[in-house]
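Below, each chain spelled out in residue letters.
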Amino acid sequence: QYRQMAERINNRMWCEEDGCYYNLKFDGTLSKKQSPDCFMPLMTGLVPDDRKERLLSILKDESKFWGEYMIPSIAKDDPAFPNQAYWRGQIWPPQVLWTYLGLKRSGEDELAWEFANKVGSMLAREWSENGFTPENYNAYTGRCSGSPHYNWGVLMGLPLIEELVNFKEDRLIFGNPLAPDGT
């Protein structure tokens, strides 16, 4: 079933012209809105390498998703992005987490490390300055733009924790070889 689902995703949700996976509308057509959902297929581990490279080029494009504040809920070049309204540009912790998980599952360890540091520092700043675990963040400022205390707000810290704490046999290992000091 897993492989069949991945095959359906690869056959029905991929747009060769754009080099991107899209959500399907109820009528079966592609939505053509670039959002973090585009990167969810990376979590299957079954995205062909050529597609993965094209998809990652969209993620790393600073005019679309990459930047100091990660990851907007819609591409920066979408007309809805400037509004920073609900799910129209703001940064949402669940989307952050599944994008990170997709990077890890697809073997993009260096990119995942950089991503985790960016999102972890957003949460750290809000927590240290305001004691907030925000519902969402403004994609221009990286600051709380929703409820200041929300249960999924702590998800912003999970990617960095995943990068820094590993289980090996019967013990915990702290650190990451990609960290500047190697610990």
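See the structure shown above.
These figures come from a predicted structure and were not determined experimentally. (Residues numbered from 1 in each chain as written. Predicted model: local features only at pLDDT ≥ 70, side-chain atom pairs only at ≥ 80, totals over all residues. Heavy atoms only, no water.)

Asker: Explanation requested: the environment of Tyr2 in the structure shown.
Answerer: By the element assignment, Tyr2 lies in helix 1 (residues 2–12). Spatially, the C-alpha atoms of Tyr2 and Pro94 are 22 Å apart, while their sequence positions differ by 92 residues. Once residues lying within four places of it in the same chain are set aside, the contact partners of Tyr2 are Thr44, Gly45, Leu46 and Arg105. (Helix = DSSP H or I, 4+ residues; strand = E, 2+ residues; numbered from the N terminus. Contact = heavy atoms within 4.5 Å.)

Asker: Which parts of the structure should I look at to understand the packing of helix 3 (residues 93–105) against helix 4 (residues 109–130)?
Answerer: Axes are the key here: two packed helices are described by the angle between their axes and the distance separating the axes. As a packed pair, helix 3 and helix 4 sit with axes 8 Å apart at the nearest point and diverge in direction by 160°. When the axes of helix 3 and helix 4 are compared, the pair comes out roughly antiparallel. Judged by the sense of rotation from one axis to the other, the crossing of helix 3 with helix 4 is left-handed. Within the contact between the two elements, helix 3 uses Val96, Thr99, Tyr100, Leu103 and Lys104 and helix 4 uses Asp109, Leu111, Ala112, Phe115, Ala116 and Val119. Classifying every residue of the contact of helix 3 with helix 4 by side-chain character gives 8 nonpolar, 1 polar and 2 charged. (Axes fitted to C-alpha atoms, helices over the stretch in contact; angles between N-to-C directions. Parallel < 35°, antiparallel > 145°, perpendicular 65-115°, else oblique. Left-handed = near helix turned anticlockwise from the far one by under 90°. Nonpolar A, V, L, I, M, F, W, Y, C, P; charged D, E, K, R; others polar.)

Asker: What is the right way to read the nonpolar core from this model?
Answerer: One broad trend across soluble globular proteins is that nonpolar side chains are buried collectively. Within the largest apolar cluster, 37 residues are counted, with the highest numbers of intra-cluster contacts made by Phe39, Leu59, Ile71, Ile91, Phe115 and Met156. Listing elements by their share of this core, those giving two or more residues are strand 1 (14–15), strand 2 (20–21), helix 2 (49–59), helix 3 and helix 4. A total of 7 residues in this core trace back to one element, the largest contributor, which is helix 4. Setting aside chain neighbours within four positions, we find Met156 in contact with Met70, Ile91, Pro93, Val96, Val119, Gly120, Met122, Leu123 and Tyr137. (Core = buried A, V, L, I, M, F, W, Y, C linked by side-chain atoms within 4.5 Å. Buried < 20%, exposed > 50% of the residue type's maximum accessible area, 1.4 Å probe, protein only.)

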